[in-house]
Amino acid sequence: MNGPHDLGGQMGLGPVAPETDEPVFHADWEKRALGVTLCAGTFGFWNIDESRHARENRHPVDYLSSTYYEIWIKGLERLLKRHGFVSERDLAEGRAVDGATQPKRVLKAADVPAVLARGGPCDRPVGTPPRFKTGDRIVTRNFSPTGHTRLPRYARGRHGVVEAVREGYVFPDTNAHGEGENPQWVYTVVFDGREIWGEDADPTLTVSIDAWESYLEPA
Amino acid sequence: MAARVRALETILTQKGLIDPAAIDVIVDTYETKVGPRNGARVVARAWSDPAYADWLRQDATAAIASLGFTGRQGEHMQAAFNTDETHNLVVCTLCSCYPWSVLGLPPVWYKAPPYRSRAVIDPRGVLEEFGLTLPKDKKVRVWDSTAELRYLVVPQRPAGTEGWSEDDLAGLVTRDSMIGTGVALEPEAA
């Protein structure tokens, strides 16, 4: 979707403001927000793509005025409601009122180190050979899907070069919507800064994205 | 927001869906175990051992795993080596993708709109805000982490560190130097 999360090249958002000796968390609730989110992820009812879409699919004013852990919690509440783990009544009363879906797993403290160490690899076999090879000239597709995609707006309809053929990865555009993993080859594609930003771009700049095969056409 | 998160944790705990002790372990992991010291070990090894540096260049996932750093948000890794000609900078314009296994959790600025919007269009301006001015003729390569590949910048080894141990070298490798918003510390700063 052309949502508020797709920020590359947007202007007026102010300076970066790095923080000296930044703590890992700025409040105790951030710790719990991280933990609750990771625990709920192990229920087995959604994937990283659906959770990303639950975070990004919101009003720009809401998205841009929320901190990142606030966005996580808003996204998590949406996922928990969608999949029947919490109800509006639960949230309104701040306690368990209604029943819940049976999760596939409940993460126990003793299992946390192994679960974090394993992570969630997204590489999958692809039944066909890669369509592109290193050095190929490509042009990215120009589209405006209403659902999830990982092709940023600034990189649509742009000419670039394949720098690396990666692996087959789960395709987020369908995986986010319960339409299957449909793995595709992923490529690192490099663009000249001027191709993206025009004549005033930094002449020394190149920008790369990692693009699924269906985002690309030969150029 | 504190009350909202507490309520959510309470509801899920009452329903038997989460183990609050699991949250404690997760938090402890990222506060005390998994952080930029991991990445600094990788960089220091690459500076010290050309064969390891080659491996890191060819197969970062395996080379990093060999030092014991694996897992969530580091499942698929690529190293980007800074050179005399090119400075590398990593961003996730779409969300907050970051190599947790080697750098820990991302800083607030990395996840916030100013960095995500500007790193791809005005990287030199962004770097100035970190106190880093690049030579005009140095190429800037920005890596937008749009898939599940996570990037670790390998900064250039500072001059005057010949013969240093890996432990001492790791002390020069800052978190920001592995994102590309900084460079390695000079020996006198360590």
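Rules used throughout
Residues numbered from 1 in each chain as written. Chains lettered and ligands numbered in written order. Predicted model: local features only at pLDDT ≥ 70, side-chain atom pairs only at ≥ 80, totals over all residues. Helix = DSSP H or I, 4+ residues; strand = E, 2+ residues; numbered from the N terminus. Buried ≥ 20, exposed ≤ 12 C-beta atoms within 10 Å, placed from the backbone. Contact = placed C-beta atoms within 7 Å. Axes fitted to C-alpha atoms, helices over the stretch in contact; angles between N-to-C directions. Parallel < 35°, antiparallel > 145°, perpendicular 65-115°, else oblique. Left-handed = near helix turned anticlockwise from the far one by under 90°. Nonpolar A, V, L, I, M, F, W, Y, C, P; charged D, E, K, R; others polar. Pairing = 2+ DSSP bridges. Core = buried A, V, L, I, M, F, W, Y, C linked by C-beta atoms within 7 Å. Expected span 1.5 Å × (residues − 1). Domains from an automatic or database assignment.

### Some details on the overall build of chain B
Summing up its helical and strand segments, chain B has eleven helices and four strands in all. Along the three orthogonal principal directions, the C-alpha set of chain B runs to about 60 × 35 × 30 Å. Counting over 190 residues, chain B shows a buried share of 56%.

### Overview of the overall build of chain A
Helix and strand counts for chain A stand at eight helices and five strands. What you see in chain A, going N to C, is helices and strands ordered as α-α-α-α-α-α-β-β-α-β-α-β-β. For chain A, the residues scored as buried account for 40% of the 219 residues in total. Across chain A, every contact between residues at least 6 apart in sequence was considered, and the portion connecting residues at least 24 apart equals 66%.

### Focus on the packing of helix α2 (residues 48-56) of chain A against helix α4 (residues 68-82) of chain A
Residues and elements named next belong to chain A. α4 packs onto α2 with a crossing angle of 115° between their chain directions and a minimal axis gap of 8 Å. The orientation of α2 with respect to α4, classified from their angle, is roughly perpendicular. Considering how the two elements wind past one another, α2 and α4 form a crossing that is right-handed. Contact residues: S51, A54 and R55 in α2; I71, W72, G75, R78 and L79 in α4. A class-by-class count of the residues in the contact of α2 with α4 yields four nonpolar, two polar and two charged.

### Description of the interface of chain B and chain A
In this assembly, 66 residues from chain B lie in contact with 69 residues from chain A. Looking at the side of chain B that touches chain A, the elements with two or more residues in it are α1 (2-14), α2 (20-33), α7 (108-111), α8 (113-118), α9 (123-129) and β3 (139-144) of chain B. When the residues that make up the side of chain B that touches chain A are grouped by side-chain class, the tally is 35 nonpolar, 14 polar and 17 charged. Note: strand β4 (residues 205-212) of chain A against β3(B), five bridges, orientation parallel. Paired with S208(A) across the two strands is W143(B), which belongs to β3(B).

### A look at the nonpolar core
V36(A), A211(A), I26(B), V43(B), V142(B) and L152(B) are the most contacted members of the largest nonpolar core, which has 112 residues in total. Excluding residues that lie within four positions of it along the chain, I26(B) makes contacts with L34(A), G35(A), L38(A) and V112(A).

### Quick notes on helix α3 (residues 36-48) of chain B
An α-helical turn contains 3.6 residues, so a residue and the one three or four places further along point in the same direction. Residues and elements named next belong to chain B. In a regular helix each residue adds 1.5 Å, so 13 residues correspond to 18 Å; α3 covers 18 Å between its end C-alpha atoms and thus fits that length. Most of α3 is tucked away: eleven of the 13 residues are buried. Contact partners of the buried residues in α3: α4 (50-58), α5 (60-65), α6 (100-103), β4 (150-154), α10 (166-170) and α11 (175-179).

### Observations concerning the sheet that holds strand β1 (residues 137-140) of chain A
Taken in spatial order, the seven strands make up an open sheet running β5(A)-β1(A)-β2(A)-β3(A)-β4(A)-β3(B)-β2(B), and their pairing is mixed. Whereas interior strands pair on both sides, the edge strands pair on one side only; in this sheet they are β5 (216-218) of chain A together with β2 (86-91) of chain B. Across the sheet, the mean angle separating the axes of adjacent strands is 35° when strand polarity is ignored. Strand direction decides the pairing type here: β1(A) and β5(A), joined by three bridges, are antiparallel. Bridged to I138(A) within β5(A) is P218(A).

### Some details on the domain arrangement of chain B
By the assigned domains, chain B splits into domain 1 (1-33) and domain 2 (35-189). Each of domain 1 of chain B and domain 2 of chain B has a C-alpha centre, and the two are 31 Å apart.

### Details of unusual backbone geometry
Glycine aside, the phi torsion of most residues is negative, and most peptide linkages are trans. Residues and elements named next belong to chain A. The backbone of A17 sits at a positive phi, close to 55°, despite the residue not being glycine. Structurally, A17 is set in the segment before α1 (28-41). Residue classification places A17 among the exposed positions, given that 11 C-beta atoms sit within 10 Å.

### Considerations on the environment of L91(A)
Relative to the helices and strands, L91(A) is located in helix α5 (residues 88-93). We classify L91(A) as partly exposed; it has 17 C-beta atoms within 10 Å. As for L91(A) and E77(A), which are separated by 14 residues in sequence, their C-alpha atoms are 8.9 Å apart. Every residue in contact with L91(A), bar those within four places of it in the chain, is listed here: E77(A), V86(A) and A7(B).

### Overview of the domain arrangement of chain A
Annotation of chain A at the domain level lists domain 1 (28-118) and domain 2 (137-218). Considered class by class, the residues forming the side of domain 1 of chain A that touches domain 2 of chain A number no nonpolar, two polar and three charged.

### A look at the packing of α1(A) against α2(B)
The interhelical angle for the contact between α1(A) and α2(B), taken along N-to-C directions, is 115°, at an axis separation of 9 Å. Here α2(B) runs roughly perpendicular to α1(A), going by the angle between their axes. Where α1(A) crosses over α2(B), the two elements pack in a sense that is right-handed. The residues of α2(B) that touch α1(A), namely those facing K31(A), R32(A), L34(A), G35(A), V36(A), L38(A) and C39(A), are A22(B), I23(B), I26(B) and V27(B). Of the residues that constitute the contact of α1(A) with α2(B), the class distribution is eight nonpolar, one polar and two charged.

### Concerning the pairing of β3(B)
Residues and elements named next belong to chain B. Counting buried positions along β3 yields five of six residues, so the element is predominantly enclosed. Both β2 and β3 contribute to a ladder of six bridges, which runs parallel. Residue pairing across strands places N88 opposite R141, the latter belonging to β3.

### Overview of the environment of L76(A)
All names here are of chain A. Tracing the chain through its elements places L76 in helix α4. As a C-alpha pair, L76 and R55 span 21 residues in sequence and 7.9 Å in three-dimensional space. Each residue touching L76, except ones within four places of it in the same chain, is listed here: V36, T37 and A40.

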